Amino acid sequence: MIEKLDGTRETVLFREGFGIRLYRNSEPEDYPLHWHTAAEVILPLDNLYTVRVNDSTYTLHPGDILIIPPGELHEITAPETGERLIMQFDLSLLHSLKLFDATLHLLRPALHVPGESTGTASSGLQALLLQLRDEYLGEAPLKEAAAYGLLIQFFVQVGREIALEGVRSRQARGTRLHQQIDTFLKVCRYMNEHCTRELRVEELAELAGYSKFHFTRLFKSVIGMSYYDYLTGQRIMRAELLLADPALSVTEVAMRAGFGSLATFNRAFKAYRQCTPTQYRELYVNWQS
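Residues numbered from 1 in each chain as written. Predicted model: local features only at pLDDT ≥ 70, side-chain atom pairs only at ≥ 80, totals over all residues. Heavy atoms only, no water.

Participant: Sorry, what's going on with the overall build of the protein here?
Facilitator: In terms of helices and strands, the protein carries 10 helices and 11 strands. Each of the 289 residues in the protein was classed as buried or not, and the buried ones make up 46%. Taking contacts inside the protein between residues at least 6 apart in sequence as the whole, the part at least 24 apart equals 69%. A total accessible area of about 14,100 Å² is found for the protein, and carbon and sulfur atoms account for 52% of it. (Helix = DSSP H or I, 4+ residues; strand = E, 2+ residues; numbered from the N terminus. Buried < 20%, exposed > 50% of the residue type's maximum accessible area, 1.4 Å probe, protein only. Contact = heavy atoms within 4.5 Å. Areas by Shrake-Rupley, 256 points an atom, 1.4 Å probe, with all protein chains shown as cover.)

Participant: Teacher, can you tell me more about the confidence of the model for the protein here?
Facilitator: Low-confidence regions, as indicated by low pLDDT, have predicted coordinates that should not be scrutinised in detail. Predicted confidence across the protein gives a mean pLDDT of 84, with 85% of residues reaching 70 or more. Counting interchain partners and residues more than four positions distant, the pLDDT-below-50 stretch residues 170–175 has 4 contacts. (pLDDT = per-residue confidence, 0-100.)

Participant: Hey, could you run me through the sheet that holds strand β5 (residues 39–46) in this one?
Facilitator: Hydrogen bonds along the backbone pair up the strands of a sheet, which may run parallel or antiparallel. With respect to topology, 5 strands assemble into an open sheet ordered β3-β10-β5-β8-β11, the strand pairing being antiparallel. In this open sheet, the two edge strands, each paired with only one partner strand, are β3 (20–25) and β11 (111–113). Averaged over all pairs of adjacent strands, the angle between their axes in this sheet comes to 15 degrees, without regard to strand direction. One ladder, built from 3 bridges, connects β5 with strand β8 (residues 65–68); its direction is antiparallel. Within β8, the position partnered with E40 by the bridge is I68. Each of β3, β5, β8, β10 (83–89) and β11 is contacted by helix α2 (residues 123–137), which is oriented at about 100 degrees to β3, the strand it contacts most. (Pairing = 2+ DSSP bridges. Axes fitted to C-alpha atoms, helices over the stretch in contact; angles between N-to-C directions.)

Participant: Which parts of the structure should I look at to understand the pattern of salt bridges?
Facilitator: A side chain with one charge can pair with a side chain of the opposite charge if their charged atoms come near. Under the counting rule described, the total for this entry stands at 7 salt bridges. With a shortest N-O distance of 2.7 Å, E203 and R197 are connected by a salt bridge. Using a relative accessible area of 35% as the deciding quantity, one classes R197 as partly exposed. Here R200 makes a salt bridge to E202, at a shortest N to O gap of 3.6 Å. Since its relative accessible area comes to 34%, E202 is described here as partly exposed. Sharing partners across several salt bridges, the network here consists of R200, E202 and K212. (Salt bridge = Lys/Arg side-chain N within 4 Å of Asp/Glu carboxyl O.)

Participant: Help me understand helix α9 (residues 262–273) in this model?
Facilitator: The terminal C-alpha atoms of α9 lie 16 Å apart, and with 12 residues this matches the ideal 16 Å at 1.5 Å per residue to within 8%. Among the residues of α9, those classed as buried are F265, A268, F269 and R273. Down the axis of α9, the buried set is contained in an arc of 105 degrees. They therefore lie on one face. Turned more than 90 degrees away from the buried face of α9, the exposed residues are R267 and A271. Note on α9: the residue one or two positions beyond its end, Q274, has a positive phi of about 60 degrees. (Expected span 1.5 Å × (residues − 1). Arc of directions from axis to C-beta.)

Participant: Help me understand helix α5 (residues 201–208), please; the structure alone is not making it clear to me.
Facilitator: Note on helix geometry: an α-helix contains 3.6 residues per turn, so any two residues three or four positions apart are oriented the same way. Buried within α5 we find V201, L204, A205 and A208. All buried residues of α5 fall inside an arc of 100 degrees around its axis, so they share one side. Count one or two residues on from α5 and you reach G209, which has phi positive near 85 degrees.

Participant: Would you explain the sheet that holds strand β9 (residues 74–77) in this entry?
Facilitator: Strand order in this open sheet of 4 strands is β4-β9-β6-β7, and the pairing throughout is antiparallel. Both edges of this open sheet fall to β4 (31–34) and β7 (56–60), since each of them pairs with a single strand only. Strand-to-strand, the axes of this sheet are offset by a mean angle of 15 degrees, without reference to chain direction. As defined by bridge partners, strand β6 (residues 49–53) adjoins β9 across 4 bridges and the pair is classed as antiparallel.

Participant: Honestly, the packing of aromatic side chains in this entry has me stumped. Any pointers?
Facilitator: Describing an aromatic ring pair means giving the distance of the ring centres and the angle of the ring planes. The full count for this structure, using the stated rule, is 13 aromatic pairs. Where F154 meets F155, the ring centres are 5.1 Å apart and the plane angle is 75 degrees; that geometry is what we call edge-to-face. Look at F154 and you get buried, because its relative accessible area is 1%. The rings of F184, Y210, F215, F219, Y227 and Y230 are connected pair by pair, giving a single aromatic cluster. (Phe/Tyr/Trp six-rings, centres within 6.5 Å; stacked < 30°, edge-to-face > 60°.)

Structure, rendered in structure tokens:
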């Protein structure tokens, strides 16, 4: 159920300062094209569920899991009957985890984890989501802490599975690609740590050991986006955390996040999140209150 929708932007209404919203949905209700600043995880329990994220359509079977990062436009088509678990959460809960930002980019536009019926091991992830559901809906002491712990376990397992798939892919596609992936993941980690200062492409190319031309071409081939888009995405995520502090002006946020000017920041933020930094801050204040 979408409680607050302004155009295509949904405001996820977290309650009582709890940065997770989880519910069992059995309504035969379609959801129009929308996006939100929360991340979303969908687990069908009974019958199919169809989700379109950008230009990709996912038909989810019971046991399948779909992870949608924040800011991705998506719409949902529900069957006449069925039940699914839907969880939305504030991504800042996980930003402090080392390498999580790099993993997040590998989830875009969405990550589809097929159920066991297709031969992949999603049962561990499903079990964690069901445990999280029980904690969220229960009345045990410290249920919020328990839910956050399970959320971290869930994404640790997702991240490890992504890393394992990378190992399998590298083994199948040869040592050279293996080395390239390791090199560009090292560059991504460097960009994560230094995104708030000026990073010239020449510096990154030297770190990777390639010419400027080959670096830009190979970065996009290996990571799936240009180095500039990756760097801007890191700065946007850093800005989202800073916007939670009402004592900082938007201009201060722009400078601290690594943007050269307020105009550049506003333009990039709106392109990535479909709202201005000020509107994003208002969304954050609304769910906190």
